[in-house]
Amino acid sequence: MTHDAKPPAQPEAPLEPGQYGQFLKEHGIATTRLADSCGIETIAIQAEHLPSALKLLRNSQEVKLDLLITVSGVDNNETFDSVYHLWSYSHNNELVLKVMIKKTDVPEGKLPMVPSISNFWSAANWHERETYDLVGIRYSGHPYLRRILNPWDWEGHPLRRDYKQPVDGLNDKNPHSFR
Amino acid sequence: MSEGNLIKVGSPYVPDELKDTVTLTSLDHAIDALGELLSPVISPVANLARSNSVWPLTFGTSCCAIEMMCVGMSAFDISRFGSEVFRATPRQADMILTAGTITRKMAPALITLYEQMPEPKYVIAMGACTITGGMFNDSYSVVQGVDRIIPVDVYLPGCPPRPEAILDALLKLQQKIRTENYHERKKRTYNQRAVRYVDYDTGKLVDDLVEEARQEADAVLAGGATIALKSEEKQAEASEKKD
Amino acid sequence: MATELQNVDLKTDEMIINMGPQHPATHGVLRLILTLDGEMVRHVEPILGHLHRAQEWQGQNRTWFQYQALIDRVDYLSGMFTSWAMARSCEQLDGITVPRRAEYLRVLVSEMNRITSHLLWLGTYLIDLGAMFGFPFYPFREREKLLDLLEEIAGQRMMFNYIRIGGVQRDPKADWFQRVKKFTDEFPQRIDEYEAIVTENPIFLKRTKGVGILKQSVAKDYGVTGPCIRCSGIPLDLRRTKPYSVFPELKFDVITYDKEGDTWDRYMARILEMRQSNEIIKQCLDMMPEGEIMAKKQMAGMRIKAGEGFAAVESPRGILGCYVTSTGGEKPFRFRWRNPSFCNLSVLSELLVDSPIADIMAIFGSIDVILPDVDR
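Residues numbered from 1 in each chain as written. Chains lettered and ligands numbered in written order. Predicted model: local features only at pLDDT ≥ 70, side-chain atom pairs only at ≥ 80, totals over all residues.

Moving on, we get to helix 3 (residues 63–72) of chain B. The buried count for helix 3 of chain B comes to 10 of 10 residues, which makes it a mostly enclosed element. Among all positions in helix 3 of chain B, only Cys 63, Cys 64, Ala 65, Ile 66, Glu 67, Met 68, Met 69, Cys 70, Val 71 and Gly 72 of chain B are buried. Tucked inside the fold, the buried residues of helix 3 of chain B contact strand 2 (95–99), strand 3 (122–126) and helix 6 (163–178) of chain B together with helix 5 (100–128) and helix 6 (137–154) of chain C. (Buried ≥ 20, exposed ≤ 12 C-beta atoms within 10 Å, placed from the backbone. Helix = DSSP H or I, 4+ residues; strand = E, 2+ residues; numbered from the N terminus. Contact = placed C-beta atoms within 7 Å.)

A word on the pairing of strand 8 (residues 334–338) of chain C. All names here are of chain C. Across the 5 residues that make up strand 8, a large majority, 5, are buried. Across 5 bridges, the pairing between strand 7 (residues 318–326) and strand 8 is antiparallel. Along strand 8, the bridge assignment pairs Val 324 with Phe 335. (Pairing = 2+ DSSP bridges.)

If a strand is regular, its side chains alternate between the two faces of the sheet. Residue and element names in this part refer to chain A. Where strand 2 (residues 40–45) lies against strand 5 (residues 94–102), 3 bridges are found, and the strand directions are parallel. Looking across to strand 5, one finds that Thr 42 is bridged to Val 96. One ladder, built from 9 bridges, connects strand 4 (residues 79–87) with strand 5; its direction is antiparallel. Among the inter-strand pairings, Ser 82 is bridged to a residue of strand 5, identified as Val 99. With antiparallel pairing between neighbouring strands as the criterion, strand 4 and strand 5 make up a hairpin whose turn holds 6 residues.

Glancing now at the interface of chain C and chain B. Contacts between the two partners involve 28 residues from chain C and, on the opposite side, 29 residues from chain B. Those elements giving two or more residues to the side of chain C that touches chain B turn out to be helix 2 (55–61) and helix 6 of chain C. Counting residues per element, the side of chain C that touches chain B draws most heavily on helix 6 of chain C, at 4 residues. Split into classes, the residues belonging to the side of chain C that touches chain B amount to 15 nonpolar, 8 polar and 5 charged. (Nonpolar A, V, L, I, M, F, W, Y, C, P; charged D, E, K, R; others polar.)

All names here are of chain C. Reading across from one edge, 6-7-8 is the order of the 3 strands in this open sheet, with antiparallel pairing throughout. Edge strands, defined here as strands with exactly one partner in the open sheet, are strand 6 (307–315) and strand 8. When the angles between neighbouring strand axes are averaged without regard to direction, this sheet yields 15 degrees. Set on the sheet, helix 4 (residues 79–94) makes contact with strand 6 and strand 7; between it and strand 6 the angle comes to about 150 degrees. (Axes fitted to C-alpha atoms, helices over the stretch in contact; angles between N-to-C directions.)

Here the focus is the confidence of the model for chain B. Low pLDDT means the predicted atomic positions in that stretch should not be read closely. Residues and elements named next belong to chain B. In this model, chain B carries a mean pLDDT of 79, and residues with pLDDT of at least 70 account for 74%. Looking over chain B, one finds the lowest element-wise mean pLDDT in helix 1 (residues 4–9), namely 35, and the highest in strand 4 (residues 154–156), namely 94. Note that pLDDT drops below 50 for residues 1–12; the model gives that stretch 20 contacts with residues more than four away or on any other chain. (pLDDT = per-residue confidence, 0-100.)

This next bit is on the nonpolar core. A general trend in soluble globular proteins is that nonpolar side chains are found buried together. Core analysis: the largest hydrophobic core is formed by 182 residues, its most contacted members being Leu 86 of chain A, Ile 96 and Ile 124 of chain B together with Ala 85 of chain C. The greatest single-element share of this core, amounting to 15 residues, is contributed by helix 5 of chain C. (Core = buried A, V, L, I, M, F, W, Y, C linked by C-beta atoms within 7 Å.)

Let us now look at the sheet that holds strand 3 (residues 40–47) of chain C. The strands making up a sheet are joined through hydrogen bonds of the backbone, oriented either antiparallel or parallel. Residues and elements named next belong to chain C. On the basis of which strands lie adjacent, the open sheet formed by 3 strands has the order 1-2-3 and antiparallel pairing. Only two strands of the sheet have a single neighbouring strand rather than two, namely strand 1 (15–19) and strand 3. Neighbouring strand axes in the sheet, compared pairwise and without regard to direction, differ in orientation by 20 degrees on average. By the bridge criterion, 5 bridges tie strand 1 to strand 2 (residues 31–37) in an arrangement that is antiparallel. Its bridge partner lying in strand 2, Asn 18 is registered against Ile 33.

Time to look at the packing of helix 6 of chain C against helix 7 (residues 174–198) of chain C. Residue and element names in this part refer to chain C. Between helix 6 and helix 7, the least distance of the axes is 11 Å, while the angle of their chain directions is 165 degrees. Classified by the angle between their axes, helix 6 and helix 7 sit roughly antiparallel to one another. Relative to helix 7, helix 6 is oriented so that their crossing is left-handed. Residues Tyr 138, Pro 139, Glu 142, Lys 145, Leu 146, Leu 149, Glu 152 and Ile 153 of helix 6 touch helix 7, and the partners they reach there are Trp 176, Arg 179, Val 180, Phe 183, Phe 187, Arg 190, Glu 193 and Tyr 194. Along the lines of polarity and charge, the residues of the contact of helix 6 with helix 7 split into 10 nonpolar, no polar and 6 charged. (Parallel < 35°, antiparallel > 145°, perpendicular 65-115°, else oblique. Left-handed = near helix turned anticlockwise from the far one by under 90°.)

What follows is the structure in structure tokens.
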């Protein structure tokens, strides 16, 4: 288990906003720029600004980021991240948006909340269900937030760092096994 | 749980005054006994016929399903070994070739399919995933070997096994069918069912209750013990308590 | 009397039917819960997860070198593409340059893999539509020839494990290239054979023309990629829009239909893609440079530099990518797959509404979904 693995370190000083950070700042949404992921601009945004930011990025004519590649959930050791990769069908634009929720901000026994975008962007529907299932980020306003890959009565979120597998007759160690 | 119990007792006793109106109900048991008597003669012929027409079920979960499809196509033709058609419904299939990983979500479906198949049925566990969990041996959602949920006849390793390997497994299964005694198989496989029905009121297995009833019936037919009715027992207990 | 009966209002009810995980259309284990009004589908809910094998979890618990061998199973019909997506993302993070000969070999084998994937799609699609005994033998005949060629260099018929981080695994001998050339010379005639049976077939036309029209706005909303979006008028082909590897040097067109595509258009697009892949293979064989096949990267105990990145390839089903986060350790920190089938399948709930039951398999087959790609 990679309990001791740390996420990659972020740069010390705050970076200048890039093209999309500037665009969002003009429309009144504050963002922080993170280290580029292999040359692609990566920005972090507050959870409550997320739906309006995505609507702006999708509908504006010069920044037409209308292909939602994926919504992933990452359990960094201090934060839960909901990562949105955005591409464009018609232009060559790429952007990575992150919503980082500190684990200390999450009350005990509850799940981190991020507003859902699947009401206006249907591509995110199943991706958000999958992130809820595997990492445990709750998307508020999702029309059908139910486990999608694991059985509906599964307990726990498997891709978290502190997940312990339940061991029963179906996956206990075979006594004749070499491992 | 075999029908052999009732055979040993003999035919049920029919009183003389009822002989006109009562038909012998143990006819099929008699035929069964005859079959068991003649099975050393019939079995080799019947088994040869059965082994050369094993029809698999189209059960392809994942990667091994592609090799199963390839084995049904013209390059590695499986129909020359008798598996002419792959049946889509388990009710008409002889063999289930579990091609692909079985996850926890899929396990009830597989058990249902296996239960729906009529006897005699065979299972070839194909691929590493179904033998022992394969490369997913520490995964949280994969059943570590399909023999934890259904009984397996032939294990076929490979990831995925080549179509020639599937044919080899089929030939081994045919060899197994040819050398088995069908009546012994009936007795043995009945005990290996995955699902046991439980009586709602008493909480005991239905098989055990049926076994108890059969033993009481045997004892009565053999002459001697009388069946004690439960209500009489309770009255006896109640009268004892009063005393 | 007859007119009185016609005006009677029948009380009808909707029926909920389960198309269970095991059905003879061997696309894997997908469960569809259909709400039917007579023969028309009103609502469909796909239930996934019957093949969830925890491959992303495996990505966190296997070393980089071990995980390379295991990911062919993520999309088993296009194993080369999954290996390539992983290799690209790791090379991007680590700054590895892949030698040119390795790039050409990667393009060559992956286009061969594209042909095998489309051939299998064609065979199973016709089985779904009812041509049970007869047609699938033709595409599988070609598929066997290609798999024999790929087995010679990769060692396996389906789980190739050939494209590695830094290059490819093995350098084929000279006569292998000649045999591939011979295959490419014969292949167009074979596609003509398939087209002669299928394309103008009145039964096929009845079942696929006008069925399952995917509107452009719906497709964009659902994030559809691959032949499905190209048949709805949007020319998104990663090999041309964000070119990677040696695709800028190769000549090929993006196959797009300028209208709202129906099932027949998606079928035709895949046939044309097979012909196009044949041409790409011929070009690769002519332009193959000499040189190394693997970058200088230590294999055992491999580590990738810290950082995160996303890289994608154009697989037969769409954009297949992986988002990798690395801490510089010997295991990845997070490995997230972006599978085209997962995203394309979500559009099924829009496509199937108000179509009769008989069209379900025609539409579902034409999206070309592979289940481990959906469930991982």
